[in-house]
Every structure is written in structure tokens, then in C-alpha cells.
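The chain contents come next:
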Amino acid sequence: MAKRKLVAGNWKMNPPTLGKAEALARAVVEATRGDAAVDVLVIPPAPFLGAVGAALHGSAVALGAQNLHPDRGGAYTGEVAGSMLHDLGVRYVLCGHSERRQLFGESPALVGAKVAAAHRDRLVPILCVGETLDERDQGVTDTVVLGQLEQGLAGLDTAVIAETVIAYEPVWAIGTGRNATPEQAQAVHRVIRDWLRRQVGDLADELRVLYGGSVKPANAAELMAEPDIDGALVGGASLEAAGFGAIVRAAG
Ligand code: PGA
């Protein structure tokens with residue numbers, strides 16, 4: 001069976017109100033209706049997960065969360081456990097987004113613990129990896145990305161690794177309007193795929209490796225036409241339903 005592309009909208013800390021989040025969810029359902037060949041996912045802020053899940057009910061759009069704590073429960077003020085997300089109907093969870101790594105000090109080991117916890121709690125982790133502009137300029141992109149993969153997937157069985165989604169997001173392309181060129185992105189996706197093949201053999205072909213970083217309707221098709229780009233993780237452009245729908249169609 002051919003692998004289905006996945007297009008995910010990471011809303012980050014937007015929109016500001018519940019009403020707007022519900023309206024955006026309903027608009028995304030409308031804008032993506034009929035695109036049955038592509039898996040579609042929205043990732044709203046945690047307080048809106050329940051209501052957005054209700055707005056998506058009966059549609060083909062899945063629900064994701066932006067973060068989780070690795071433990072099942074306990075004295076962790078402000079944190080959310082994977083089992084809580086699962087009970088709300090969440091199916092995917094971002095792990096190690098560069099904003100979490102950079103702004104909130106998430107270490108590679110913590111990201112790995114989150115990936116393992118997501119699997120334990122029956123969520124599909126989307127492990128985000130990517131180099132900074134400095135690292136790209138120093139020529140260490142592949143080393144950085146493979147190091148993040150190695151630590152993010154540490155200790156997982158082959159079959160579990162195969163059920164993980166990877167998102168390659170060059171940090172210099174996130175929220176900057178400056179996307180990687182399809183050739184630049186494909187080159188790193190190929191390195192990721194080859195590394196995965198060394199871990200899980202031919203299951204590497206089943207794994208979805210998304211590209212993220214300034215994906216928009218104008219560049220989505222050419223990025224996703226690359227052989228190792230299996231979908232997109234969309235930030236800013238996912239807050240506008242018509243444009244997000246256009247990106248989903250570009251994947252189909
Ligand atoms: P962007 O964000 O599309 O706004 O660049 C992507 C992301 O952070 O996932």
C-alpha cells in the first residue's frame with residue numbers, strides 16, 4: 001500500500017480565543033473535505049483540544065497536541081500527561097519542536113523520553129529535528145539532525161520506531177518566510193531515510209518524514225513532490241483554512 005502523505009497544522013499558541021479555535025477547526029474541515037488521499041491533522045493549544053476535537057467529530061481531520069510530559073502523573077504543575085491527551089481523542093503529539101528545545105530548554109534526553117511516553121500512551125509522536133543557521137553554515141547539518149534522531153528514538157524497538165513520524169524543520173526556515181529549497185530539503189530527508197534504513201530496514205520506506213519551515217500554498221507542491229518528503233508540518237499558514245486546504249490539495 002502506498003504511503004499516505006500527512007499534512008499537519010501546528011497552531012502554536014494561536015488563536016487567542018476558544019470561539020476562534022472552534023471556527024478555525026470547522027473551516028479546516030470544510031476546506032479539506034474530499035481530500036481523502038491525504039491524512040490531515042490539526043494541532044491546537046492544549047486548552048482547546050477538547051472543543052476542537054468536538055468540532056472535528058465525524059470528519060477525517062485528526063487531532064494532535066503540541067507537547068506532553070513523559071510521566072503518567074504526579075506533582076508537575078502545569079504539565080499534561082499522554083494518557084490525558086489520549087482520553088481527549090488526541091492521536092498525534094509533537095515532540096522536540098525547535099521552539100520547545102530553544103525557548104523552553106528541552107534537552108535531547110527529555111525529547112527522547114517524550115517520544116517513548118507518547119508510544120506508551122498510544123499516541124503517534126512527531127519527532128521534530130533540524131539545524132540552526134549557524135550549524136548549516138558550519139556544514140554540520142547532517143550530524144546535528146542524526147544526533148537528534150538518535151537521541152529522540154533511543155531505546156525504542158524497531159517496530160515502535162516504524163510507528164513514529166519524523167519532521168525535518170530547519171530552524172532558520174521556521175516562521176521566517178524563508179523555506180528550504182526542495183533540493184535542500186530533499187538532501188536532508190534522504191540522509192534521514194538512509195539513517196532510518198540502518199535502524200529498521202525496509203520499514204524505513206513506510207515511515208513518514210515531513211518537511212516544516214515556511215510551508216505555504218505557493219511552495220507546498222514542489223516540496224512534497226520530492227521523493228523523500230512525505231508531507232508537511234505547517235505553522236503560520238495553518239491558521240488560515242483556505243490556504244491550509246490548498247496545501248493539503250498540493251499533497252494529494
Ligand atoms: P512555520 O512553522 O510554517 O510558521 O514556519 C512551522 C513549524 O514551526 O512547525
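Each value, and the rule that gives it
- Residues numbered from 1 in each chain as written.
- Predicted model: local features only at pLDDT ≥ 70, side-chain atom pairs only at ≥ 80, totals over all residues.
- Heavy atoms only, no water.
- Helix = DSSP H or I, 4+ residues; strand = E, 2+ residues; numbered from the N terminus.
- Core = buried A, V, L, I, M, F, W, Y, C linked by side-chain atoms within 4.5 Å.
- Buried < 20%, exposed > 50% of the residue type's maximum accessible area, 1.4 Å probe, protein only.
- Contact = heavy atoms within 4.5 Å.
- Axes fitted to C-alpha atoms, helices over the stretch in contact; angles between N-to-C directions.
- Parallel < 35°, antiparallel > 145°, perpendicular 65-115°, else oblique.
- Left-handed = near helix turned anticlockwise from the far one by under 90°.

A few words now on unusual backbone geometry. Residue Pro-15 is bonded to the preceding Asn-14 through a cis peptide linkage, with omega at -15°. Residue position: Pro-15 is located in the loop between β1 (5–10) and α1 (18–32). The backbone of Lys-12 sits at a positive phi, close to 55°, despite the residue not being glycine. Its location among the elements puts Lys-12 in the loop between β1 and α1. With a phi angle near 60°, Arg-122 is a residue other than glycine that sits in the positive phi range. By secondary structure assignment, the location of Arg-122 is in the loop between α5 (108–120) and β5 (124–129).

Where a protein is soluble and globular, its nonpolar side chains tend to be buried together. Counting 65 residues, the largest nonpolar core has Leu-153, Ile-166, Ile-192 and Leu-196 as its most contacted members. Setting aside residues up to four positions removed in sequence, Leu-196 forms contacts with Leu-153, Ile-161, Ile-166, Gly-201, Ala-204, Leu-207 and Val-209.

In the contact formed by helix α10 (residues 217–224) and helix α11 (residues 241–251), the axes pass within 8 Å of each other and the chain directions differ by 20°. The angle between α10 and α11 places the two elements in the roughly parallel class. For the pair α10 and α11, the crossing hand works out as right-handed. The segment α10 lies against α11, with Pro-217, Ala-220, Ala-221 and Met-224 engaging Gly-243, Ala-246, Ile-247, Ala-250 and Ala-251.

Such coordinate-based values are descriptive only and should not be taken to indicate function.
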